[in-house]
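# A look at the structure
What follows is each chain in one-letter form.
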Amino acid sequence: MTDKMSTHQAEEDARNEDIRIYVDGELKPRAQATVSVYDSGFMLGDGVWEGLRLYNGSWAFLDEHMDRLFEAARAIDLDIGMDRDGVIAALRETQRANDMQTDAHARLMVTRGVKMRPFQHPSLSRSGPTMVIIMEHSRPQLPRPIRLATVPHLRGLPMTQDPKLNSHSKLNCILACIAAEKAGADEALMLDVNGFVNTTNACNFFIVRKGEVWTSTGDYCMNGITRQKVIDLCRADGIPVHERNYSLVDTYGAQEAFLTGTFGAQTPVGSIDGRVIGTGEIGPVTERIRALYKGLIERECA
Ligand SMILES: Cc1ncc(COP(=O)(O)O)c(C=O)c1O
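Residues numbered from 1 in each chain as written. Predicted model: local features only at pLDDT ≥ 70, side-chain atom pairs only at ≥ 80, totals over all residues. Heavy atoms only, no water.

## Thoughts on the environment of Leu 171
- The topology assignment puts Leu 171 in helix H5 (residues 171-182).
- According to the relative accessible area criterion, Leu 171 is exposed, its value standing at 53%.
- Placed 126 residues apart in sequence, Leu 171 and Gly 45 show a C-alpha to C-alpha distance of 9.1 Å. (Helix = DSSP H or I, 4+ residues; strand = E, 2+ residues; numbered from the N terminus. Buried < 20%, exposed > 50% of the residue type's maximum accessible area, 1.4 Å probe, protein only.)

The structure is reproduced here in structure tokens:
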């Protein structure tokens, strides 16, 4: 069995050595695409980001990504310094500079900018925001279903650092992932503050029980765009779907489990804490949802 892997594994693509990266309005070769050591994002994880995918010349669910980005920026009181059209123009400029048409992934990051001095107070960031767009050729390639391990790191309450925020600082998720790796898994399954199964450190999480699709209530996890699309597709196609609390007992007993995210769409889960889920391979409901999602992408990005 293949050993180490991650949910964001992609085919090797030599073209990614020569990409142009957007840094504050300039398109720079990879080696020269740098930010200041005084940048709020580098120094403190003070920023927000989006991951987007390009299919057939179109950025999938662009409106939803822009809504989430601007909402997150408002929540952390960060002025992006341009409107939606400006951000979309920057994305398209980066796409053009890289001559990308399909199967590309963008990480669009906005931080509070360069600080005057190396301390926390946000008022020290006076230069305006830093915006970076990394766009890579990207075809997900997972050699086997994902192995998950539950970890002690929880999805916190919204009054600490709301886990809905796509903030640069992902330390809680990274610690969760490290713990999962040390337990021999690929990614962490995280519980909420009440002990219900919530999400993984980098994707949303679903189980299938007796033909029904279950996911968490949506509290304590990222409001994943793929998550919402899967829920909507199930509803439209007559697959029973529930956003509800459920435990590890329900999860270990599931016939299928899968992750959702912009990068991997729907990623099958083979085992959790050493328990094989279903057959350990992708199950029929996950296959059906994958096909529905593929159809949605084809319609969205025609
Ligand atoms: C913690 C976490 N959960 C879930 C997701 C998936 O969200 P989406 O479907 O919008 O890509 C992400 C992606 O950024 C994430 O960081």
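## Some remarks on the packing of helix H6 (residues 225-237) against helix H8 (residues 284-300)
- Across the interface, H6 lies against H8 with an axial gap of 10 Å and an inter-helix angle of 105°. Comparing the axis directions of H6 and H8 gives the class roughly perpendicular. Together, Thr 226, Lys 229, Val 230, Leu 233, Cys 234 and Asp 237 of H6 and Arg 288, Ile 289, Leu 292, Tyr 293 and Leu 296 of H8 make up the contact between the two elements.
- When the residues that make up the contact of H6 with H8 are grouped by side-chain class, the tally is seven nonpolar, one polar and three charged. (Axes fitted to C-alpha atoms, helices over the stretch in contact; angles between N-to-C directions. Parallel < 35°, antiparallel > 145°, perpendicular 65-115°, else oblique. Contact = heavy atoms within 4.5 Å. Nonpolar A, V, L, I, M, F, W, Y, C, P; charged D, E, K, R; others polar.)

## Points about the site of the ligand
- The ligand sits among 14 residues. The nearest are Trp 49, Arg 68, Ile 225, Thr 226 and Thr 262.
- Within the contact set of the ligand, an oxygen atom lies 2.6 Å away from a side-chain nitrogen or oxygen of Thr 226.
- Between the ligand and Thr 262, the relevant distance is 2.6 Å, taken from an oxygen atom to a side-chain nitrogen or oxygen of the residue.
- Coverage of the ligand by the protein amounts to 94% of the 390 Å² it exposes when considered alone.
- Using a 2 Å cut-off from the grid points, one finds that the ligand occupies the largest pocket.
- Split into classes, the residues belonging to the shell around the ligand amount to five nonpolar, seven polar and two charged. (Near = heavy atom within 4 Å. Polar contact = N/O pair within 3.5 Å; in protein donor to acceptor, adjacent residues only side chain to side chain. Areas by Shrake-Rupley, 256 points an atom, 1.4 Å probe, with all protein chains shown as cover. 1 Å grid on protein atoms, 1.4 Å probe; cavity = no way out; pocket = protein on both sides within 12 Å on 5 of 7 lines; lining within 4 Å. Sits in = over half its atoms within 2 Å of the grid points.)

## Thoughts on the pairing of strand E2 (residues 26-29)
- Pairing of strand E1 (residues 20-23) with E2 involves four bridges; the strand directions are antiparallel. Bridge pairing in E2 places Ile 21 opposite Lys 28.
- The antiparallel pairing of E1 with E2 creates a hairpin that spans two residues between the two strands, and Asp 24 there sits at a positive phi of about 50°. (Pairing = 2+ DSSP bridges.)

## Considerations on the sheet that holds E2
- Strand order in the open sheet formed by six strands is E2-E1-E6-E5-E3-E4, with antiparallel pairing between adjacent strands. Looking at which strands have only one partner, the edges of the open sheet turn out to be E2 and strand E4 (58-59).
- Where helix H3 (residues 84-97) meets the sheet, it contacts E1, E2, strand E3 (47-55), E4, strand E5 (104-111) and strand E6 (130-137), and its direction lies at approximately 40° from that of E6.

## Some remarks on unusual backbone geometry
- In this structure, Phe 61 is a non-glycine residue whose phi angle is positive, near 55°.
- Mapped onto the elements of the fold, Phe 61 is located in the loop between E4 and helix H2 (62-75).
- Using a relative accessible area of 3% as the deciding quantity, one classes Phe 61 as buried.
- The phi dihedral of Tyr 220 is positive, around 75°, even though this residue is not glycine.
- The residue Tyr 220 is located in the loop between strand E11 (212-215) and H6 in this model.

## Some remarks on the packing of H2 against H3
- Packing of H2 against H3 brings their axes to within 11 Å, and their N-to-C directions diverge by 120°. Classified by the angle their axes make, H2 and H3 are oblique. With respect to the hand of their crossing, H2 and H3 are arranged in right-handed fashion. Facing H2, whose interface residues are Leu 62, Asp 63, Met 66, Asp 67, Leu 69 and Phe 70, H3 presents Arg 84, Val 87, Ile 88, Leu 91 and Arg 92. (Left-handed = near helix turned anticlockwise from the far one by under 90°.)

## Quick look at empty space enclosed by the protein
- Enumeration according to the criterion identifies one cavity of 30 Å³ or more in this entry.
- Lining the largest cavity are Arg 53, Tyr 55, Ala 60, Phe 61, His 65, Ile 225, Thr 226, Thr 262, Tyr 293 and Ile 297.
- Of all the secondary structure elements, the ones that give two or more residues to the lining of the largest cavity are E3, H6 and H8.
- Residue classes in the lining of the largest cavity are distributed as six nonpolar, three polar and one charged. (Points joined across faces, edges and corners; volume = space filled by probe spheres on them.)

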